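# Coordinate analysis (summary)
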Amino acid sequence: MRIVEILFSPTGGTKKVADALVRGLMTMADEGCVVDLCDRGMAISALHFTPNDLCVVAVPSYGGRVPVPAAARLALLNANGAKAVLAVAYGNRAYDDTLLELADLAKAAGFDVAAAVAAIAEHSIARCYAAHRPDDSDLRELVGFGQRIRGAVDRGQIRCPALPGNRPYRAFGGVGFYPLPGDSCTECGVCAAQCPTGAISPMDPRQVDTCLCIGCMRCEAVCPSHARHPASDKVAATQSKLAKLCADRKANELFL
């Protein structure tokens, strides 16, 4: 069986969740590959899938929704009946309609949804919330769940689980965070090359197209000089706003 990891993970938290699931799903006889939806140059519509493929489709929750570029790129896939394990990573507040929206996108692309996860990952902006998650306990749980899913798949005992969420989906509240370079920026262009939406000018990385920027924080995560950050006052305001909502350690939610 081929295990395909299809992910949109600008800062790496979603990838940690997906990687753990893949570890549980794979056997020594399986082949693995990765489809990076952050790579805006990838010829996504040319990818080929079969009903024998088992795919982990993983995205972060942005304001309770699937990130717009991830949704657009998933819509280009022709899954051809491949089985899918859906994963949504969120920063300890709530994932709202993200998992249901991801399931709708997966089904429209031709996936046969077998299982789903809503997992906690460090908040990409207010990093004091869900800090260092998924942690060792989370990863063990996700690997174990992957093993359970694989067993169900091998026995032919899969069905699309009921997932929480609402239609119509909640309205997306906008971005609000645009990481900008500080004095230590060397204009190396790494951020521009790896921006999922092409919002940063490759000729002048100090220029950001706020109509394209989705506030994913990938530029901050990949900057070798640690020079890009959102405005500190906005980060502080977000931390204060989320204090009560994120006070408790939330558990991962598993659907099979």
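Let me sum up the structure you'll find in this document. (Residues numbered from 1 in each chain as written. Predicted model: local features only at pLDDT ≥ 70, side-chain atom pairs only at ≥ 80, totals over all residues. Heavy atoms only, no water.)

## Quick word on helix 4 (residues 136-154)
Note the cut-off: Counting from the N terminus, the helices are DSSP H or I runs at least four residues long and the strands are E runs at least two residues long. Expected span of a helix: the number of residues minus one, times 1.5 Å. Buried residues are those whose accessible area, probed at 1.4 Å on protein chains only, stays under 20% of the maximum for their type, while exposed residues exceed 50% and partly exposed ones sit between those limits. The contact definition used throughout considers only heavy atoms, calling two residues in contact when any of these lie within 4.5 Å. Polar contact is defined as a pair of N or O atoms within 3.5 Å, subject to the rule that within protein one atom must be able to donate a hydrogen and the other to accept it, and that residues adjacent in sequence are counted only when both atoms are side-chain atoms.
Over its 19 residues, helix 4 extends 27 Å from the first C-alpha to the last, a length consistent with the 27 Å expected when each residue adds 1.5 Å. Those residues of helix 4 that fall on the buried side of the exposure criterion are Asp-138, Leu-142, Val-143, Phe-145, Gly-146, Ile-149, Arg-150, Gly-151, Ala-152 and Val-153. The inward-facing, buried residues of helix 4 contact strand 1 (2-7), helix 1 (13-25), strand 3 (54-60), strand 4 (83-90), strand 5 (112-120) and strand 8 (253-255). By the N-cap criterion, in which a side-chain oxygen at the helix start approaches the backbone nitrogen of a residue two or three places on, helix 4 is capped by Asp-135, the distance to Ser-137 being 3.2 Å.

## As for the nonpolar core
Heads up, the rule is: Grouping buried Ala, Val, Leu, Ile, Met, Phe, Trp, Tyr and Cys residues that are joined through side-chain atoms within 4.5 Å yields what is termed a nonpolar core.
In this structure, Ile-6, Val-57, Leu-86, Leu-99 and Phe-111 are the most contacted members of the largest nonpolar core, which totals 40 residues. The set of elements that each furnish at least two residues to this core consists of strand 1, strand 3, helix 2 (68-74), strand 4, helix 3 (98-108) and strand 5. When sequence neighbours within four positions are dropped, the list of residues in contact with Ile-6 reads Val-35, Leu-37, Phe-49, Cys-55, Val-56, Val-57, Ala-58, Leu-74, Leu-77 and Phe-111. Residues Val-22, Ala-121, Val-143 and Ile-149 belong to the second largest nonpolar core, which totals 23 residues.

## Some words on unusual backbone geometry
A cis amide bond, omega 5 degrees, links Arg-133 with the succeeding residue Pro-134. Relative to the helices and strands, Pro-134 is located in the loop between strand 5 and helix 4. Each neighbour pair has its own omega, and for Arg-167 with Pro-168 the value is 0 degrees, a cis peptide bond. Secondary-structure assignment places Pro-168 in the loop between helix 4 and strand 6 (180-181). With a phi close to 80 degrees, Asn-92 is a non-glycine residue in the positive phi region. Inspection of the secondary structure assignment puts Asn-92 in the loop between strand 4 and helix 3.

## Examining the environment of Gly-32
By the secondary structure assignment, Gly-32 is in strand 2 (residues 31-36). Remark: the alpha-carbon pair of Gly-32 and Ile-3, spanning 29 residues in sequence, is separated by 4.8 Å. When near neighbours in sequence (up to four residues on either side) are disregarded, Gly-32 contacts Ile-3 and Met-26.

## Focus on the layout of surface pockets
Just so we agree on the cut-off: As defined here, a cavity is a set of points on a 1 Å grid over the protein atoms alone where a 1.4 Å probe fits but cannot get out. A pocket is an open set with protein on both sides within 12 Å along at least five of seven lines, and residues line them when an atom is within 4 Å of a point. Grid points are joined across faces, edges and corners, and a volume is the space filled by probe spheres set on the points. Residue classes follow a fixed rule: Ala, Val, Leu, Ile, Met, Phe, Trp, Tyr, Cys and Pro count as nonpolar, while Asp, Glu, Lys and Arg count as charged, and any other residue, Gly among them, counts as polar.
Of the pockets and cavities examined, the largest pocket occupies roughly 860 Å³. When residues of the lining of the largest pocket are traced back to their parent elements, those giving at least two are helix 1, strand 4 and helix 7 (232-242). When residues in the lining of the largest pocket are grouped by element, the largest group, three residues, is from helix 7. Considering only residue class, the lining of the largest pocket consists of 16 nonpolar, 13 polar and four charged. Approximately 160 Å³ is the volume found for the second largest pocket. Lining of the second largest pocket is provided by Thr-11, Gly-12, Gly-13, Lys-16, Glu-122, His-123, Ser-124, Arg-127, His-132, Arg-133 and Ala-221. Tallied by class, residues from the lining of the second largest pocket come to one nonpolar, six polar and four charged.

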